[in-house]
Amino acid sequence: MKKSLFFMIISIVLVTCKPRAEQASSIQPDGAMNEGTIKKIDVHSHYHYSRAYLPELFKKWNMQSVLVDVFHEDSVGVTRSWDSYVALAKAEPELFYLCSAFIGTGIDAPDYAEKTIKQLDKEISQGARMVKVWKNFGMVTKDDSGHYIQIDDPRLQPIWDFLRSKDIPVMAHIGEPEQAWRPLDPHSPHYGYYKNNPQYHAYNFPEIPSYKTIIDARDHWIEKNPDLKILCAHLGSMSHNVDMVAERLDKYPNMYVETAARFGDLARQDSDKVKTFFDRYQNRIMFGTDFGNDVSQDQLTVAELDKERADLDADYLLLWKYLSSTDSVEVRGQKTRGLGLGKEVLEKVYYNNLADFLKLK
Ligand SMILES: [Zn+2]
């Protein structure tokens with residue numbers, strides 16, 4: 001992910017989660033439950049640099065996080081987060097887990113799969129517990145014949161077979177929210193993102209395959225690999241309608257979803273309906289945020305670091321309130337009522353499902 005893009009995601013999260021709810025949480029839907037009583041892992045984070053406040057803040061929230069590699073290629077070349085994530089996870093093994101990644105560039109080379117497998121094998125030995133594929137499959141990277149490489153491309157099959165043999169799951173951010181194929185809508189939770197990242201606003205690029213083409217290819221890939229565990233990031237790019245997610249979860253037992261950067265879409269839907277979705281699929285949904293940082297600590301003032309810590313704390317609190325209480329909340333500009341999930345469901349979504357998925361226990 002380019003720096004500008006990354007900053008955008010963070011600023012959406014930090015800016016549009018306002019106005020802040022009162023800092024002192026009054027949430028006690030289930031006895032004495034508070035934000036620190038339930039163990040948590042954020043399955044989707046991008047902390048590139050250490051922060052002196054993180055161990056204390058994570059402890060307060062009973063939080064760990066998975067650092068998800070951003071493997072990106074544009075006209076400037078290839079960039080990755082992997083090396084900085086490995087260093088961070090080594091320095092703070094209690095806080096962080098690692099997720100590697102690969103891209104489709106060079107897929108026509110006869111040794112593409114072999115080379116990719118070699119890369120992933122090395123990174124699994126460095127600690128990767130999962131491997132991510134990003135939306136460059138489907139809507140960015142083309143093969144030599146000029147076709148966008150879809151995720152069900154047979155040339156990728158040896159890689160899935162390898163990951164399955166290693167019992168390593170895949171995190172799949174395939175496609176974009178449906179709004180990417182529609183005109184810019186100021187009321188959409190994704191307005192800021194597409195305004196600032198027009199290259200992913202598919203509506204402006206008729207050449208980019210349709211939403212349906214990309215989602216169909218993703219579904220076909222999941223179906224073709226029933227023994228590969230697949231965690232669909234961002235609610236499988238179907239966050240605008242939990243019924244679409246439910247339909248796939250019913251159909252594909254190897255599919256799971258996580259919530260990163262899609263709470264605004266959930267908040268737009270009826271809270272009773274979303275609660276029913278969480279209750280019904282309580283073993284298949286995982287907590288993710290897309291939170292992170294992209295500037296080293298020594299480049300920030302004490303006041304900036306204080307603000308960053310307070311914003312992150314408030315963002316965790318907002319999401320906790322949305323999931324655990326029935327208070328009125330505002331998420332990415334969407335006013336709604338919290339879901340009021342029960343303790344057991346919260347424990348699964350926040351921790352147990354991922355612990356089982358990655359065999360952390
Ligand atoms: Zn992300």
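Scroll up to find the structure this text is about.
Here the residue numbering is sequential within each chain, running from 1 through the sequence in written order. Thresholds applied to this predicted model are a pLDDT of at least 70 for local features of residues and 80 or more for the giving and counting of side-chain atom pairs; totals over whole chains, interfaces and linings are not thresholded and use all residues. Side-chain measures were taken over the full set of non-hydrogen atoms in the model, leaving aside hydrogen atoms and water.

This paragraph deals with the overall build of the protein chain. Numbering of helices and strands runs from the N terminus, with a helix taken as a DSSP run of H or I at least four residues long and a strand as a DSSP run of E at least two residues long. What the protein chain contains, in helices and strands, is 13 helices and 13 strands. The globule rule used here is 2.2 Å times the number of residues to the 0.38 power, and the radius of gyration it is set against is calculated over C-alpha atoms. Radius of gyration (C-alpha) of the protein chain: 19 Å, near the 21 Å computed for a compact globule of 361 residues. The principal-axis extent of the C-alpha atoms belonging to the protein chain is close to 60 × 40 × 40 Å. Throughout this description, buried means an accessible area under 20% of the type-specific maximum (1.4 Å probe, protein chains only), exposed means over 50%, and partly exposed covers the range between. Here the protein chain holds 361 residues, and the buried ones make up 58% of them. Working rule for contacts: check all heavy atoms of both residues, and any pair within 4.5 Å makes them a contact. Once local pairs closer than 6 in sequence are excluded, the contacts in the protein chain between residues at least 24 apart make up 74%. Under the counting rule used here, the positive set is Lys and Arg, the negative set is Asp and Glu, and His together with the chain ends is not counted. By convention, charge coordinates are those of NZ in Lys, CZ in Arg, CG in Asp, or CD in Glu. Where the 45 positive side-chain charges of the protein chain centre and where its 52 negative ones centre are 2 Å apart.

Any carboxyl oxygen of Asp or Glu that lies within 4 Å of a side-chain nitrogen of Lys or Arg is treated as forming a salt bridge with it. For the structure shown, the criterion picks out 28 salt bridges. In this structure, aspartate 313 engages lysine 60 in a salt bridge whose closest nitrogen and oxygen atoms are separated by 2.9 Å. Taken together, the residues span a long stretch of sequence, with aspartate 313 in helix 12 (residues 302-324) and lysine 60 in helix 2 (residues 54-61) at a distance of 253 residues. Of the residues examined, lysine 60 reaches a relative accessible area of 34% and is grouped as partly exposed.

Now for the side chain of serine 65. Tracing the chain through its elements places serine 65 in strand 2 (residues 63-68). You can call serine 65 buried: its relative accessible area is 0%.

To continue, consider the packing of helix 4 (residues 112-125) against helix 6 (residues 157-165). Only C-alpha atoms enter the line fits that serve as axes; for helices the fit covers just the stretch in contact. Angles between N-to-C directions range over 0 to 180 degrees. The interhelical angle for the contact between helix 4 and helix 6, taken along N-to-C directions, is 25°, at an axis separation of 9 Å. Taken together, the axes of helix 4 and helix 6 lie roughly parallel to each other. In the crossing of helix 4 with helix 6, the sense of the turn from one axis to the other is right-handed. Residues Tyr112, Ala113, Thr116, Ile117, Leu120, Asp121 and Ile124 of helix 4 form the contact with helix 6, whose own contacting residues are Pro158, Ile159, Phe162 and Leu163. Convention used here: angles under 35 degrees read as roughly parallel, angles over 145 as roughly antiparallel, angles from 65 to 115 as roughly perpendicular, and any remaining angle as oblique. The crossing is said to be left-handed when, going from far helix to near helix, the turn is anticlockwise and less than a right angle, and right-handed when the turn is clockwise.

So, about the coordination of the zinc ion. Each metal site lists N, O and S donors within 2.8 Å (3.2 Å for Na, K and Ca). With water left out of the atoms, a site can look as if it is missing ligands. For the zinc ion, the full set of protein donor atoms is His44 (NE2), His46 (NE2) and Asp290 (OD), and the range of their distances to it is 2.1 Å. Donor residues binding the zinc ion come from one chain and are separated in sequence as H-x1-H-x243-D. Of this pair, histidine 44 sits in strand 1 (residues 40-47) while aspartate 290 sits in the loop between strand 10 (285-286) and strand 11 (292-293); the two residues are 246 residues apart in sequence, bridging distant segments of the chain.

This brings us to the environment of phenylalanine 137. By the secondary structure assignment, phenylalanine 137 is in helix 5 (residues 136-139). The exposure class of phenylalanine 137 is buried, given its relative accessible area of 1%. Separated by 33 residues in sequence, phenylalanine 137 and glycine 104 place their C-alpha atoms 6.7 Å apart.

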